[in-house]
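So you can see what is in the structure, the chains are spelled out below.
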Amino acid sequence: MGAKTLSSRAIIGGFYKRLEQGAANWPFQVGMMFQSDQASETYNWLGQSPAMREWVGGRLAKALRENGITISNKDYEATLRIEKKDITRDKTGQVMARVNELADRANSHWASLLSTLIINAESTVCYDGQFFFDTDHTEGDNTTNQSNDLSIDISALPVTNHGSTTAPSVGEMQQVVLQMVQQILGFKDDQNEPMNENARNFMVMVPTALWNVAHSALSMPMIDNGESNVLTNLGGYKIVPVANPRLTWTDKVSMYRTDGNVKPFILQSEEDVIMKAKGDGSEFEFDHKAHEYGISASRNVGYGYWQHACLAQMT
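Residues numbered from 1 in each chain as written. Predicted model: local features only at pLDDT ≥ 70, side-chain atom pairs only at ≥ 80, totals over all residues. Heavy atoms only, no water.

A. Focus on a negative patch on the surface. Where like charges cluster on the molecular surface, the negative patch consists of Asp37, Asp75, Glu270, Glu271 and Asp272. At three residues, strand S13 (residues 265-278) tops the list of elements feeding residues into the negative patch. Note that aspartate 272 resides in strand S13. On the accessibility criterion, aspartate 272 (47% relative accessible area) is partly exposed. (Patch = residues over 30% accessible without salt bridge, like charges linked within 9 Å, V, L, I, M, F, W, Y side chains within 5 Å. Areas by Shrake-Rupley, 256 points an atom, 1.4 Å probe, with all protein chains shown as cover. Salt bridge = Lys/Arg side-chain N within 4 Å of Asp/Glu carboxyl O. Lys, Arg positive; Asp, Glu negative; His and termini not counted. Charge placed at Lys NZ, Arg CZ, Asp CG, Glu CD. Helix = DSSP H or I, 4+ residues; strand = E, 2+ residues; numbered from the N terminus. Buried < 20%, exposed > 50% of the residue type's maximum accessible area, 1.4 Å probe, protein only.)

So, in structure tokens, the structure goes:
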């Protein structure tokens, strides 16, 4: 007996099974998911809740601020055509391999959208009217410029070994990471109160060319000429490295706070990934001796709190 022909129902079922198993991880660590039911959504970033004050006289109510951003949903699709003869002749699982790849593409779509947002963050405005990564953010009553866009001269760092901006030493990467953590911890909110004093968990995102040195800087107990690596024992702070092959940087790294109630980015979904098919018994199969399996989603991404993110360019 020959191999059993793969049905359209089995193909669709296999797609959804793979989709559930392989959801991309890092976008959901740095992005807040919001469900949408219309063409666009407006997010009013309303500042922080009031800080405690001495009760003098009556209560002093703090109104919400109105500045925000609007994110419009966009439609996305991908369609796979499979010849009917390839389905009936497939004995090695190649059809389902392609379907699984389609599911993997769908799962990586959030990473694709966010990576584009991150790459363009030095030239695209966020809710305060400044570029997301910028040197002169201000916030409400706090009119002091705050920078989450650092330029670090690695040749001046207090380390034993020095590299280059595109191939820094482990010691230099360690110092860059420490400066980004320090910068995020120092941000003040719209009432000039510490914004991230409770921050403990961070993600360092690097292009693949910097993955090795970033991983070493965050995990090796000793660096350079036997010097102790303070990043491996920060007393409750956790910093996780993530390699992002979509980044086009060669001399930059970025950091994001991952344990805040509000995240650096917004993930907006109007319609989750769905699959529709022109499969068994369809007119398309009759006319073309082929099947088509199409996926679609309606979604978009946007900038959240710049105060939970920092970019460092090594100079």
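B. Spotlight on helix H6 (residues 170-185). Its 16 residues place the ends of H6 23 Å apart at the C-alpha level, agreeing with the 22 Å of an ideal helix rising 1.5 Å per residue. Of the positions making up H6, those classed as buried are Val170, Gly171, Glu172, Met173, Gln174, Gln175, Val176, Val177, Met180, Val181 and Ile184. (Expected span 1.5 Å × (residues − 1).)

C. The sheet that holds strand S15 (residues 309-314), seen in detail. The strand order across the open sheet formed by five strands is S7-S15-S12-S8-S11, and the pairing between neighbours is mixed. A single partner strand is all that each edge strand has here, and the edge strands are strand S7 (149-152) and strand S11 (238-243). Averaged over neighbouring strand pairs, the angle between their axes works out to 25° when direction is ignored. Relative to strand S12 (residues 252-257), strand S8 (residues 201-206) runs antiparallel, the two sharing four bridges. Bridge assignment links phenylalanine 202 to a residue of S12, and that residue is arginine 257. (Pairing = 2+ DSSP bridges. Axes fitted to C-alpha atoms, helices over the stretch in contact; angles between N-to-C directions.)

D. Up close: the environment of proline 27. Position of proline 27 among the secondary structure elements: in helix H2 (residues 26-30). By relative accessible area, proline 27 is classed as buried at 0%. It is 6.4 Å that separates the C-alpha atoms of proline 27 and tryptophan 110, two residues lying 83 residues apart in sequence.

E. Focus on the pairing of strand S2 (residues 40-44). Burial along S2 is one-sided: the face carrying Glu41 and Tyr43 is buried and the face carrying Ser40, Thr42 and Asn44 is not. Bridge count for S2 against strand S3 (residues 68-72) is five bridges, and the pairing is antiparallel. Bridge pairing in S3 places glutamate 41 opposite isoleucine 71.

F. Seen up close, the sheet that holds strand S1 (residues 31-35). The strand order S1-S13-S14-S4 describes an open sheet built from four strands, whose pairing is mixed. Only two strands of the sheet have a single partner each, and these edge strands are S1 and strand S4 (74-83). Within this sheet the neighbouring strands show an average axis-to-axis angle of 30°, counted without direction. In the packing of helix H1 (residues 8-21) onto the sheet, contacts are made with S13 and strand S14 (290-303), and the angle to S13 comes to roughly 165°. The sheet strands contacting helix H5 (residues 109-119) are S1, S4, S13 and S14, and the helix crosses S14 at an angle near 40°. (Contact = heavy atoms within 4.5 Å.)

G. Structural detail: the pattern of salt bridges. By the definition in use, this model includes eight salt bridges. Taking the shortest distance from any N to any O, the salt bridge between arginine 81 and glutamate 83 comes out at 3.1 Å. Across the pair lysine 84 and aspartate 280 runs a salt bridge whose closest N-O atoms are separated by 3.7 Å. Residue lysine 84 is found in helix H3 (residues 84-89), and its partner aspartate 280 is found in the loop between S13 and helix H8 (283-288); the two are separated by 196 residues along the sequence. Members of the salt-bridge network, linked through shared partners, are Lys84, Asp280 and Glu285.

H. A look at the packing of aromatic side chains. The full count for this structure, using the stated rule, is nine aromatic pairs. Here the aromatic rings of tyrosine 127 and tyrosine 305 are separated by 6.3 Å at their centres, their planes lie at 45°, and the arrangement is tilted. Separated by 178 residues along the polypeptide, tyrosine 127 in the loop between H5 and strand S5 (137-139) and tyrosine 305 in the loop between S14 and S15 bring together distant segments of the chain. Seen in terms of ring centroids, phenylalanine 132 and phenylalanine 133 are 5.1 Å apart; in terms of plane orientation they differ by 65°. Their pairing is edge-to-face. (Phe/Tyr/Trp six-rings, centres within 6.5 Å; stacked < 30°, edge-to-face > 60°.)

I. Focus on the side chain of serine 36. Topologically, serine 36 is positioned in the loop between S1 and S2. Classification of serine 36 by relative accessible area gives buried; the value is 8%. Within the structure, the side chain of serine 36 is placed 2.9 Å from the side chain of glutamate 41, a separation counted as a polar contact. At 3.0 Å, the side chain of serine 36 forms a polar contact with the side chain of asparagine 73. When near neighbours in sequence (up to four residues on either side) are disregarded, serine 36 contacts Glu41, Asn73, Gln268, Ser269 and Glu270. (Polar contact = N/O pair within 3.5 Å; in protein donor to acceptor, adjacent residues only side chain to side chain.)

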